[in-house]
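This is what each chain is made of:
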Amino acid sequence: MHDAPHIREQVSLSELTTIHLGGPARFVASCTNTDECRAALAFARERFLPVMVLGGGSNVVFSDEGFPGLVLRVEIPGLRFDESGRTCRVTVGAGEVWDDVVTACVARGLGGIECLAGIPGTAGATPIQNVGAYGQEVKDTLQTVDALELATGEERRFSGTECGLGYRWSRFKGEDAGRYIVTSVMFRLEEGAQPRIRYPELARAVAQEGSGTLLPSGEPGLNQVRKTVLRLRRSKSMVIDPADPNSRSVGSFFMNPVLSQEKFELLREHWRTSGLAEAIPAYPSPEGIKIPAAWLVEHAGFPKGTRRGKIGISEKHALALVNRGGTTRELIAFAEEIQAGVERMFGIRLSIEPVIVGEKVAT
Ligand SMILES: Cc1cc2nc3c(=O)[nH]c(=O)nc-3n(C[C@H](O)[C@H](O)[C@H](O)COP(=O)(O)OP(=O)(O)OC[C@H]3O[C@@H](n4cnc5c(N)ncnc54)[C@H](O)[C@@H]3O)c2cc1C
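Residues numbered from 1 in each chain as written. Predicted model: local features only at pLDDT ≥ 70, side-chain atom pairs only at ≥ 80, totals over all residues. Heavy atoms only, no water.

Caption draft 1: Structural context of the domain arrangement of the protein chain. Parsing the protein chain into structural domains produces domain 1 (6–74), domain 2 (79–235) and domain 3 (245–256 + 292–357). Here domain 1 and domain 3 have C-alpha centroids that lie 26 Å from each other. Contact with domain 3 buries area across many residues of domain 1, yet I19, N59 and V61 alone supply 43% of it, more than any other trio. Counting every contact that joins domain 1 to domain 3 gives one salt bridge. (Domains from an automatic or database assignment. Buried area = accessible area lost by both parts, 1.4 Å probe. Salt bridge = Lys/Arg side-chain N within 4 Å of Asp/Glu carboxyl O.)

Next up, the structure:
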């Protein structure tokens, strides 16, 4: 049949997620174009099945019971460059591997997403939580998102502004969660751009690479920044590597809390009067004062490498919870223990970053 997606039955979700957790999905449909997405939705509708949209599975945790419906995997390909003067519109199929997109853009001298190298998953998922790293976010360059509404099968285009992008947030995670399938995204990148290095850790690492890797102008090039980001990420197990057990994660499990100035002052005062010498690290952001969740977790008594059975904190990064052969239930129990510990110590409730499917979690 034309435009019929490939549908498999009883597929282990642990194989489709980077943290390798989750029982079986009743059905998994691999969709390589919008018509296949529509056909998969019709298949689910005829059987009264719930639908869950999935990309690379790097920000999702499924329950041990699995998913009793249809997992619609977006595998839509496509990468097109439309140059116009000093800018280039890059249109990307939602199923493209994000890191490959970054590599291809940097190779063409297009700047704007070079710091987002190594983030796992697909291009279509990048607007969902406005992915970001090392001072860059897709919000900076995203122009449009094309999407298909699950309920109606109708296509809709959102401008970047309409996506409501914020810190690890968008309308697709908020009021429109589960409503759309992103089918393609378009970025506006700059030709021959200088890399943007806003993050002190990245600036130091680039400087350490040495002058041999600089452009003739003495400036670091886009590709140097991309490679340095990958090196930094690898050192923290923040790129997926089957040989690295610390990378069996969903990346950061908790978001950095953002406080008002007033609340932050209260927290700082409380911390100071507790007789603790070290100051709480804090960074101003457009949303408020951002506190590194990793620091809170470690100072609440959960250092890197802490384990609970076959679940633990990565040995390389205090925010990554790692599966070492455990279960989703154990993972959630440990996450709740960390949330409670941080709340007891700092009065701050950490929010969970990944999407948890089929398990109740207090966010
Ligand atoms: C080691 C590691 C490091 C990470 N580092 C970072 C980082 O530095 N910065 C950062 O922001 N994130 C990071 N992440 C999180 C993750 O990689 C991103 O959120 C990524 O964009 C998820 O892409 P995905 O295709 O795997 O999405 P999935 O995990 O498959 O899905 C995530 C959510 O998006 C939805 N979704 C996915 N695709 C679509 C689509 N086409 N249409 C509609 N909804 C869709 C899903 O329904 C789900 O709700 C990291 C993860 C890991 C494992």
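Caption draft 2: Summary view of the sheet that holds strand β18 (residues 311–313). One open sheet accounts for three strands, arranged β17-β18-β19; its pairing is antiparallel. At either end of the open sheet lies a strand with only one pairing partner, and these are β17 (307–308) and β19 (321–323). Bridge count between β18 and β19: three bridges; the pairing is antiparallel. Bridge pairing in β19 links G312 to V322. (Pairing = 2+ DSSP bridges. Helix = DSSP H or I, 4+ residues; strand = E, 2+ residues; numbered from the N terminus.)

Caption draft 3: Broad picture of the pattern of salt bridges. Under the definition given, this model contains 22 salt bridges. With its nearest N and O atoms 3.5 Å apart, the salt bridge here joins E46 to R47. Residue D176 is joined to R179 by a salt bridge in which the shortest nitrogen-to-oxygen separation is 3.2 Å. On the accessibility criterion, D176 (4% relative accessible area) is buried. When salt bridges with common partners are traced through the structure, they connect E149, R171, D176 and R179 into a single cluster. (Buried < 20%, exposed > 50% of the residue type's maximum accessible area, 1.4 Å probe, protein only.)

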